[in-house]
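Residue strings, one per chain:
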Amino acid sequence: MKAKKILAAVTALSLTTVVFASCGDSADSSSSTAAVTTTTAVTTTTTAATTTTAAAESAADSAATDSSADTTKGSDSDYTPVKTFKGYDAFLMFGDGEWLWGNWEGQGEPEATKAFGVDADITGDGEYTVSITNASIAYDDPDEGINPQIALDGDYAVGAQGCVVMCVDIIGLLNGEKLKGTGDPKTDKETPGKYNADDLKVELKSIKADGQEVAFDKAKIKYGNIEDNNNCYRIEIYNDYGDTAKDSPIDKDNLAFEDSLEITFSIEGLSE
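Residues numbered from 1 in each chain as written. Predicted model: local features only at pLDDT ≥ 70, side-chain atom pairs only at ≥ 80, totals over all residues. Heavy atoms only, no water.

K.L.:
It is not clear to me how the overall build of the chain should be interpreted in this structure. Could you clarify?
P.N.:
Along its length, the chain carries 4 helices and 13 strands. Counting over 272 residues, the chain shows a buried share of 53%. Of the contacts formed within the chain by residues at least 6 apart in sequence, a portion of 69% connects residues at least 24 apart. (Helix = DSSP H or I, 4+ residues; strand = E, 2+ residues; numbered from the N terminus. Buried < 20%, exposed > 50% of the residue type's maximum accessible area, 1.4 Å probe, protein only. Contact = heavy atoms within 4.5 Å.)

K.L.:
Quick question: what am I supposed to make of the confidence of the model for the chain here?
P.N.:
Should the pLDDT be low somewhere, the predicted coordinates at that spot are not to be read in detail. With 71% of its residues at a pLDDT of 70 or more, the chain shows a mean pLDDT of 79. Confidence drops under a pLDDT of 50 for residues 1-51, and excluding neighbours within four residues, the segment shows 91 contacts in the predicted structure. For the stretch residues 59-76, pLDDT sits under 50, and the model shows 46 contacts to residues farther than four places along the chain or on other chains. (pLDDT = per-residue confidence, 0-100.)

K.L.:
In this structure, what is going on with the nonpolar core? I would like to understand it.
P.N.:
Buried together is how nonpolar side chains tend to be arranged in soluble globular proteins. By size, the foremost hydrophobic cluster in this structure holds 44 residues, and its most contacted members are F94, I122, M166, L173, I207 and F265. Looking at this core, the elements that each hand over two or more residues are strand 1 (88-95), strand 2 (120-122), strand 3 (126-133), strand 7 (165-170), strand 8 (201-209), strand 11 (233-239) and strand 13 (260-268). Those residues in contact with M166 that sit more than four places away from it in its chain are L92, M93, F94, I207, I235, E236, I237, Y238, I250, L255, L261 and I263. Judged by nonpolar contacts, the second largest core, of 10 residues, contains F91, W99, V164 and C167. (Core = buried A, V, L, I, M, F, W, Y, C linked by side-chain atoms within 4.5 Å.)

K.L.:
Is there a simple way to think about the pattern of salt bridges in this case?
P.N.:
With the rule as written, the count across this model stands at 11 salt bridges. One salt bridge in this structure joins K189 and E109, with 3.4 Å as the shortest N-O distance. Taken as a pair, K189 in the loop between strand 7 and strand 8 and E109 in the loop between strand 1 and strand 2 lie far apart in primary sequence, 80 residues in all. Put simply, D243 and K246 hold a salt bridge, and the shortest N to O gap is 3.6 Å. The class for D243 is partly exposed, based on a relative accessible area of 26%. (Salt bridge = Lys/Arg side-chain N within 4 Å of Asp/Glu carboxyl O.)

K.L.:
Quick question: what am I supposed to make of the side chain of N230 here?
P.N.:
On the secondary structure map, N230 appears in the loop between strand 10 (222-224) and strand 11. For N230, the side chain forms a polar contact with the side chain of E227, separated by 2.6 Å. One polar contact links the side chain of N230 to the main-chain amide nitrogen of C232, over a distance of 3.0 Å. If we ignore the near neighbours within four places in the chain, the residues touching N230 are L179, K189 and N225. (Polar contact = N/O pair within 3.5 Å; in protein donor to acceptor, adjacent residues only side chain to side chain.)

K.L.:
Whenever I open this one, the sheet that holds strand 11 confuses me. Can you help?
P.N.:
Taken in spatial order, the 5 strands line up as 2-1-7-11-10 in an open sheet, and their pairing is antiparallel. Each having just a single partner strand, strand 2 and strand 10 make up the two edges of the open sheet. Adjacent strand axes in the sheet meet at a mean angle of 20 degrees, parallel and antiparallel pairs treated alike. With 6 bridges connecting them, strand 7 and strand 11 associate as antiparallel partners. Along strand 11, the bridge assignment pairs M166 with Y238. (Pairing = 2+ DSSP bridges. Axes fitted to C-alpha atoms, helices over the stretch in contact; angles between N-to-C directions.)

K.L.:
Help me understand the pairing of strand 8 in this model?
P.N.:
The side chains of a regular strand alternate between both faces of the sheet. With 8 bridges joining them, strand 8 and strand 13 adopt antiparallel strand pairing. Its bridge partner being in strand 13, A209 is matched across the sheet by L261. Pairing analysis gives 2 bridges linking strand 8 to strand 9 (residues 212-213), with the strands arranged antiparallel. Looking across to strand 9, one finds that K208 is bridged to E213. Taking the residues between adjacent antiparallel strands as the criterion, strand 8 and strand 9 are bridged by 2 residues, where D210 takes a positive phi near 55 degrees.

K.L.:
Before we go on, may I ask you to explain the sheet that holds strand 3 in this structure?
P.N.:
The strands that make up a sheet are held in pairs by hydrogen bonds between backbone atoms, and each pair lies either parallel or antiparallel. One open sheet accounts for 4 strands, arranged 3-13-8-9; its pairing is antiparallel. The strands lining the two open edges of the sheet, one partner per strand, are strand 3 and strand 9.

Okay, structure coming up:
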């Protein structure tokens, strides 16, 4: 089974490379799907961030093809997903160096199929923590099914090594000019939120892998409306297809953990 999982991860990474090599050129895309078919090079942080999400989805679909038939159900004894939020859903977006430990959506998104994190409910100014854990990432969700971007050893996910993406997204906050949705911004990413990015003061406080502090350069963290086709406020810690790939705030190649990855941040400027 491990050999099939490794093959699935390699296939997923190869598919991701093909996706980026074959795309066309556009800077006005309003969705992640459009970014996959129209973007050829990382020309701005915005298009890079959008393309990252699309690449993750392609990798997940490829991995699922090989793993869905014979994976062992993940351990869920220490994890109960929370899918309703009083405030704004904040989640840790992550994929390790092999695109495993994949978590690409917030638990509060109504049609999420790639949400396997421990999210935070942002109800006002304060300090919050988002994470992914072995129990959450290997959880067999009755609605979403088993995570297609994991390699299992029995009931547990094989430990993560390196990363291609590490970001925090807070859904529903920002009122980007490109947004035309008319729903609830807390559940519809295309509906304008209440805030401009400059209205808010957000600061990354800590990164912990298996409870141990991970060093990072505060000056190199990117904040704001990085992906301007949605209303998410993003903290970009590392993104293979973003500005942080050129000058990484962390030693991403030596990042490793088996049980948990936790990101703590503070936010000020919310009127709720």
